[in-house]
Amino acid sequence: MSVLVTGGAGYIGSHMVLALNDAGEDVVVLDNLSTGFPWAVAEPAKLVIGDIGDQALVRELIETEKVEAIIHFAGSIVVPDSIADPLGYYLNNTCKSRALIECAVDAGVKHFIFSSTAAVYGMPEENPVSEEAALNPISPYGSSKLMTEMMLRDTALAFPLNYVALRYFNVAGADPEGRSGQSTPRATHLIKVAVQAALGERPKLDVFGTDYPTPDGTCIRDYIHVSDLVAAHLAALRYLRDGGRSEVINCGYGNGYSVFQVIEAVKRVSGVDFPVETVPRRPGDPAALVAGVERIGKLLGWVPQRDDLDQIVADALGWEKHLNAHRDAS
Ligand code: UDP
């Protein structure tokens, strides 16, 4: 029996593979390498290069590898790109997820864990946001993920497939042992971009808006260490194997930091006072987005191990330095 990790050559997927390897699971990765890297898939996990929408390939893989559970990371994640290319996002995140879920159902795969997002909440009226809050995505990205949640909900009612959809807040950091990290060159996420500014890879950091209704005027987000995030997936897998029923669960720490607080942390940890410029708001940013965390604790027994902004920044910085050294050497 094995666990199929789609998107396992990407940022979060590669950390999942490390955690599954460490837990002694048999792992097979399916990744089309559109944004992932083959070297990011740690052995003994097996990498199959291909597309989750290729049903013939997926069916064969499920059969030959005796796949018992699927952890589905493969997808597109850049919100502004989804606004420019909505149909591409619905294809990748919705249609191809449908194709994958159909293969899972047909082959009798028991468990399915899905990477969803806090973007399904849109502009929440209250923080922390509970899973019961209104679902009003404001980008094609958020809508494409919410549609997959809905497909899973309805499929799990009709067939013996149990699922957990994990709604990620702001995932950041890197493997504390330095084995993986966020490697995509076209990064947009705050901690990654700030770390790049600290290392002189970009001339400055833009702060998108300082006129939000928050204490310092910048947006507040719940940053979760990628290692804690993948630990939540392992806990979800255990939960499903123990007969837990299908659920949608927030993944965050339940506390937030402002953009200015993140910048301070990156300056403090790196020791570099890089240039910061204030620019107008970026469209579609909610003022605050902090996870309600009652459910994840209660259902999965998950306890954060790395709820420390400086630690998240230090790990992200360590990986960025590793990437630079690698780049310089090649
Ligand atoms: N942000 C910023 N400058 C950047 C990147 C992000 O000011 O170069 C802000 C962004 O407007 C948001 C927060 O940082 O308020 C987190 O953004 P990110 O893109 O990391 O994640 P999101 O919350 O959009 O998923």
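Here the structure is a predicted model, which means the values were calculated and not measured. (Residues numbered from 1 in each chain as written. Predicted model: local features only at pLDDT ≥ 70, side-chain atom pairs only at ≥ 80, totals over all residues.)

K.L.:
Hey, could you go over the UniProt feature "domain: NAD-dependent epimerase/dehydratase" (unreviewed entry) in the protein for me, with residue numbers and the actual values?
P.N.:
UniProt records the feature "domain: NAD-dependent epimerase/dehydratase" (unreviewed entry) at residues 3-252, using the numbering of this structure. Here residues 3-252 is 38% helix and 20% strand, with 24 Å between the C-alpha atoms at its ends. (UniProt positions renumbered as here; feature names shortened; annotations may be inferred. Helix = DSSP H or I, 4+ residues; strand = E, 2+ residues; numbered from the N terminus.)

K.L.:
Tell me what's going on with the site of the ligand, and back it up with residues and numbers.
P.N.:
As a structural note, the neighbourhood of the ligand is formed by 14 residues, with His 189, Leu 190, Val 193, Phe 208 and Cys 219 the closest of them. Every element with two or more residues in the shell around the ligand is listed here: α6 (190-198) and β8 (205-208). Per-element accounting of the shell around the ligand gives the leading share, four residues, to β8. Taken together, the residues that form the shell around the ligand break down as seven nonpolar, three polar and four charged. (Near = placed C-beta within 6 Å. Nonpolar A, V, L, I, M, F, W, Y, C, P; charged D, E, K, R; others polar.)

K.L.:
Quick rundown of helix α2 (residues 55-64)? Include the residues and the values.
P.N.:
Every buried residue of α2 is accounted for by Val 58, Leu 61 and Ile 62. All buried residues of α2 project into a common sector of 95° when viewed along the axis, lining one side. In α2, the exposed residues that point more than 90 degrees away from the buried face are Ala 56, Glu 63 and Thr 64. Check the buried side of α2 and you find it contacts β1 (2-6), β2 (27-31), β3 (46-49), β4 (67-72) and α4 (86-107). (Buried ≥ 20, exposed ≤ 12 C-beta atoms within 10 Å, placed from the backbone. Arc of directions from axis to C-beta. Contact = placed C-beta atoms within 7 Å.)

K.L.:
How would you summarise the domain arrangement of the protein if you had to cite specific residues and measurements?
P.N.:
How big an interface is tends to be stated in terms of the accessible area lost upon association of its parts. Taken as a whole, the protein is organised into domain 1 (2-172 + 223-251) and domain 2 (190-221 + 254-329). Put simply, the middle of domain 1 and the middle of domain 2, counted by C-alpha atoms, are 24 Å apart. Of all the secondary-structure elements, those providing two or more residues to the side of domain 1 that touches domain 2 are β7 (170-172), β10 (223-225), α7 (226-241) and β11 (247-251). Ranked by the residues each element gives to the side of domain 1 that touches domain 2, the list is headed by α7, at seven residues. Per-class residue counts for the side of domain 1 that touches domain 2 are 17 nonpolar, eight polar and three charged. (Domains from an automatic or database assignment.)

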